[in-house]
Amino acid sequence: MINIKEDKRLMPLNHSCAHLLAEAVKKIYPNAKFWVGPVIEDGFYYDIDLGDNTLTDDDLPKIEKEMKKIAKGGKKIIRHELTREEALDLFKDDPYKIDLINNMASDEVISCYTQGDFTDLCRGPHVDSTKELKHFKLLKVSGAYFKGDSKNKMLQRIYGVCYDNEEDLNKHLALLEEAKLRDHRKLGKDLGIFMFADLVGKGLPMWLPNGFILRRTLVDYITDKEIKLGYKHVMTPSLGNVELYKTSGHWDHYKEDMFPEMKLDDESYVLRPMNCPHHMMMFKNKLHSYRDLPVRIAEVANDFRYEASGALCGIERTRAFTQNDSHIFCTNEQIKDEFKGVIELILDVYKDFGFKDYSFRLSLRDKNDKEKYFGNDELWEKSEQELREVLEEFGAPYYEAEGEAAFYGPKLDVQVKSALGHDVTLSTIQLDYQLPERFELTYIDKDGSKVRPVVIHRAILGSLDRFIAFLLEETKGNLPLWLSPVGVIVIPVSSEYQNDYATYVYEQLKENGIRVELDNRNEKLGYRLREAQTRKINYILILGDKEKTDNTISYRHHGEQETTTVSLEEFIKLIKEEIIAKKR
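It should be emphasised that the depicted structure is a prediction, and the values quoted were computed from it without experimental measurement. (Residues numbered from 1 in each chain as written. Predicted model: local features only at pLDDT ≥ 70, side-chain atom pairs only at ≥ 80, totals over all residues. Heavy atoms only, no water.)

### Describing the packing of helix 7 (residues 209-228) against helix 11 (residues 335-353)
- For the pair helix 7 and helix 11, the least separation of the axes is 12 Å and the interaxial angle reads 140 degrees. Our classification of the angle between helix 7 and helix 11 gives oblique. In this structure, the crossing between helix 7 and helix 11 has a hand that is right-handed. Packed against helix 7, whose contacting residues are Leu218, Tyr221, Ile222 and Lys225, the element helix 11 presents Leu345, Asp348, Val349, Asp352 and Phe353 at the interface.
- The residue inventory of the contact of helix 7 with helix 11, partitioned by class, reads six nonpolar, no polar and three charged. (Axes fitted to C-alpha atoms, helices over the stretch in contact; angles between N-to-C directions. Helix = DSSP H or I, 4+ residues; strand = E, 2+ residues; numbered from the N terminus. Parallel < 35°, antiparallel > 145°, perpendicular 65-115°, else oblique. Left-handed = near helix turned anticlockwise from the far one by under 90°. Contact = heavy atoms within 4.5 Å. Nonpolar A, V, L, I, M, F, W, Y, C, P; charged D, E, K, R; others polar.)

Have a look at this one:
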């Protein structure tokens, strides 16, 4: 999908279409007041105060019709500059524009764009005439607080998109429809994966039984792989003393993203935003020799970050999440081998999930923003060069991104291309000389001297919550059998005679470790079959008199109408092989 905000042709086209929308709204609702109408990645929006009028999506065709009428007039779009006094006078009846003007820098040029008798405050740029605005579509209406502050008035936000030809517009609209089908928030609700409740708190997901099974499967999967590679799994508390985060540097560099401190007795505690400080203390708990290294500490840990309410998005961005986290303590000489080992683990995992379209991003610090990062130039240059060398030796294609490093060190992010064409960061590896220094970590070297270890931070599945959101959207909720919360459903056609056999089949599948349900409700067969399809269950077993007599089962694979009949033993073997192979 094209990033409209960065496209030289589409950006001014959409900017102009936002003004066209505003003019149409003003004609239909003369008392409308306007806040801002920016271009965004997939189009534009305008925040509008309509007084007592509340729009729904059903009102959009009426506004579109007025927009098309105005566009046909072919009015020239003319830019002109004003003094602050002229601007304040021109928009004296619109408190939102007055607020914008009053918050502009004293030396900022104030410009407006006029099309016919409609003038709007704007920096631009715009197209030359409204006749260029032919291929547009209003998409939806939602609420938006003035300045994004819930204490302010709720405005109405109208979203739209504009292209310079009908074919591209239709492609864009088709992608939006595809995105709706893949929206993990809807899929998560429909499939009983997770839920939210305002009474519990915004951004705090609750995992339903199907979601718990999915999470547990993923946790067992990655934990088993890590154990084979020598990782030692631990469990640490979900909060820590403020002094811990002052020592680590998070208090200075990350405090705004953390939940407020809680004062208990004479101490202050915070919910942890990440796990590295706890793991540093674990390493420090005992004396280490160079022979012990590398030490690989791993944890599936709950973390908490105070995300702005406007940034929350299903389980993709939450305030409480779970990380598949690890910290590898090693010598300088071991960095390359350990780093390669992590890359190999990532690629092994991606093979199991069928991820093929990905790239490596080497995230470096911004040398001109020293306050954002701690540590000295020498350590930063050394660690950044170490990562380059590892990537080049490994033969991994990568690109560099300045300013994307963690505050304590450079990192390698794996950007996976989603089905909708978005880059999603799933895995990350970070090289850190800083925290071992701040926590005064040491090991005894060959000559008996105390030496600082290096720490590699790594997350393979990253946030489990975000990973599951990505999986749901990639598969449209059609999870592979090995991940499915319910892989098989057994449905007897009708009679009690068949129900006995259905119960027997159900018990046999359960005994073989297959996640199965029995649906013997007193409902019509067609209803039960449709419901099983809606739930995206991988295999539907339909059992009638013939299946009981022959000791067979008839099954349909999700999304297919063809029915296959095999013996129960053959079916169990088929299912087990599919699970072991992690077939997609």
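### A look at the pattern of salt bridges
- All chains considered together, the criterion is met by 40 salt bridges.
- Across the salt bridge formed by Asp303 and Arg272, the nearest N and O atoms sit 3.3 Å from each other. Of this pair, Asp303 sits in strand 15 (residues 295-304) while Arg272 sits in the loop between strand 14 (267-271) and helix 10 (276-284), placing them 31 residues apart in sequence.
- Look at Asp303 and you get buried, because its relative accessible area is 0%.
- Arg388 is paired through a salt bridge with Glu400; the nearest N and O atoms lie 2.7 Å apart. Here the residue Arg388 occupies a position in helix 12 (residues 377-394), and Glu400 occupies one in strand 18 (residues 398-402), the gap between them amounting to 12 residues.
- Each of the salt bridges in this network shares a partner with another, and the network as a whole consists of Lys336, Lys340, Glu389 and Glu393. (Salt bridge = Lys/Arg side-chain N within 4 Å of Asp/Glu carboxyl O. Buried < 20%, exposed > 50% of the residue type's maximum accessible area, 1.4 Å probe, protein only.)

### Digging into the pairing of strand 19 (residues 411-417)
- The element strand 19 is largely enclosed, with a buried count of six among its seven residues.
- Of the pairings in the sheet, the one linking strand 17 (residues 358-364) to strand 19 comprises six bridges and is antiparallel in character. Opposite Arg361, over in strand 19, you have Asp413 as the bridge partner.
- Connecting strand 19 to the next strand, strand 20 (residues 423-432), in antiparallel fashion are five residues, including Gly421 with a positive phi near 90 degrees. (Pairing = 2+ DSSP bridges.)

### Topic: the packing of aromatic side chains
- With the rule as written, the count across this model stands at 22 aromatic pairs.
- Taking the centre distance of 5.5 Å and the plane angle of 90 degrees together, the rings of Tyr221 and Phe353 count as edge-to-face. With Tyr221 in helix 7 and Phe353 in helix 11, this pair connects stretches of sequence that are 132 residues apart. Each member of the pair, Tyr221 as well as Phe353, is classed as buried.
- On the basis of an interplanar angle of 65 degrees and a centroid distance of 5.5 Å, the ring pair of Tyr350 and Phe355 is categorised as edge-to-face. Side by side, Tyr350 and Phe355 carry an identical accessibility label, which is buried. (Phe/Tyr/Trp six-rings, centres within 6.5 Å; stacked < 30°, edge-to-face > 60°.)

### A look at the sheet that holds strand 18
- Spatially, 11-15-16-23-20-19-17-18 is the arrangement adopted by the eight strands of the open sheet, whose pairing is mixed. Both outer strands of the open sheet, strand 11 (232-233) and strand 18, are each paired with one neighbouring strand and no more.
- One ladder, built from seven bridges, connects strand 19 with strand 20; its direction is antiparallel. Looking at the pairing, Asp413 lines up with Thr428 of strand 20.
- Lying on the sheet, helix 11 is in contact with strand 15, strand 16 (320-330), strand 17, strand 19, strand 20 and strand 23 (454-463); it crosses strand 23 at an angle near 5 degrees.
- Where helix 12 meets the sheet, its contacts fall on strand 17, strand 18, strand 19 and strand 20, and the angle it forms with strand 17 comes to roughly 160 degrees.

### Notes on the sheet that holds strand 13 (residues 262-264)
- Strand order in this open sheet of three strands is 12-14-13, and the pairing throughout is antiparallel. Edge positions in the sheet fall to strand 12 (239-241) and strand 13, since each of these pairs with one other strand and no more. Recorded for the sheet is a direction-independent mean angle of 35 degrees between the axes of neighbouring strands.

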